[in-house]
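# Working through the structure, step by step
In case you want the letters, here they are:
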Amino acid sequence: MSRHRFYRGIFLLLVAGLFPIRGEARGKNSPTYDGAVDFGSQLIHLDDGCLALDGRVTSGTFFDDLKRSEVGSRFEFRKRGKVVTEYPQLLTTSIRIAGDRCAAALSNSPASVFRGDSYSLKFQVEWKDGMQLRPATLSPVSARCVGSNSTPIPSQDYTIPVITCQLTVDSKGVPLADHLIVSLFTADGQRLTRLSAAP
């Protein structure tokens, strides 16, 4: 089975529950959102290791009782019985990223993101309507990231680096049908992945 124990047990089941895999393929009618809309989990393989990512979008209690139904060829959103067509004024995204070796020959987490006790990432945030992308505005203009190098892996003799980054997005007047797109890049501009979320 090797292949480094199948990518070390799919990165130890996406870091032992740190990143629960959430089903993003919702049916055509989704009754609740549990207070958030998820980006879903990803496992990214790089030349020098791998990254596990997970994220969600929140805005106070906005998503708590939001309901979606299909009306003709489009979705309709209701909150407490009233039709809602736009996002609230601000959205908060929270994205967690963990690094690992993912192969026996590698001794460190991906150097393109993690270097010792430091990390380096760039974000690009956009709104997507159909196939059209337009820039989104952050408030404040930069992400707030908190890192940790002390997440222990069960039955292993090392820890992995984990960072959580929050971005506050100006969403006033944005239609609820639009998708929020967050692209992650290395410090030198290499795209790592693109995350997408929409109710």
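Structural notes, computed from the coordinates.

So, on to the overall build of the protein chain. Scanning the protein chain from N- to C-terminus turns up 1 helix and 16 strands. Scored against the burial criterion, the 199 residues of the protein chain give a buried share of 41%. Total accessible area computed for the protein chain in this model is approximately 10,600 Å², and 52% of it derives from carbon and sulfur atoms.

With that settled, consider the nonpolar core. Counting residues in each nonpolar core, the largest one holds 37 residues, and the members touching the most others are Leu51, Phe63 and Ile97. Where this core is concerned, the elements lending two or more residues are strand 2 (42-46), strand 3 (49-58), strand 7 (90-100), strand 10 (122-129), strand 14 (159-170), strand 15 (179-185) and strand 16 (191-197). When residues of this core are assigned to their parent elements, the largest contribution, 4 residues, is made by strand 14.

In this section: the side chain of Ser171. By the element assignment, Ser171 lies in the loop between strand 14 and strand 15. Overall, Ser171 belongs to the buried group, its relative accessible area being 0%. From its side chain, Ser171 meets the backbone oxygen of Pro88 in a polar contact 2.5 Å long. Beyond its immediate sequence surroundings of up to four residues, Ser171 is in contact with Tyr87, Pro88, Gln89, Leu90, Leu91 and Trp127.

Below, the discussion takes up the state of the cysteines. Summed over the entire model, instances satisfying the criterion amount to 1 disulfide. Sulfur-sulfur distance for the disulfide between Cys145 and Cys165 comes to 2.1 Å. Because the torsion about its S-S bond is 115 degrees, the bridge between Cys145 and Cys165 counts as right-handed. Note that Cys145 is positioned in strand 13 (residues 144-152) and Cys165 in strand 14, a separation of 20 residues in sequence. Overall, Cys145 belongs to the partly exposed group, its relative accessible area being 27%.

Take the pattern of salt bridges next. One pass over the structure, following the stated rule, counts 6 salt bridges. Among the salt bridges present, the one from Asp178 reaches Arg134, with a minimum N-O distance of 2.6 Å. Of the two residues, Asp178 is situated in the loop between strand 14 and strand 15 and Arg134 in strand 11 (residues 132-135); the sequence distance between them amounts to 44 residues. Here Arg134 falls in the partly exposed class, since its relative accessible area comes to 32%. The structure contains a network of salt bridges with shared partners spanning Asp65, Lys79 and Arg80.

Criteria and cut-off values
Residues numbered from 1 in each chain as written. Predicted model: local features only at pLDDT ≥ 70, side-chain atom pairs only at ≥ 80, totals over all residues. Heavy atoms only, no water. Helix = DSSP H or I, 4+ residues; strand = E, 2+ residues; numbered from the N terminus. Buried < 20%, exposed > 50% of the residue type's maximum accessible area, 1.4 Å probe, protein only. Areas by Shrake-Rupley, 256 points an atom, 1.4 Å probe, with all protein chains shown as cover. Core = buried A, V, L, I, M, F, W, Y, C linked by side-chain atoms within 4.5 Å. Polar contact = N/O pair within 3.5 Å; in protein donor to acceptor, adjacent residues only side chain to side chain. Contact = heavy atoms within 4.5 Å. Disulfide = S-S within 2.5 Å. Salt bridge = Lys/Arg side-chain N within 4 Å of Asp/Glu carboxyl O.

Nothing here speaks to function; it is all geometry.
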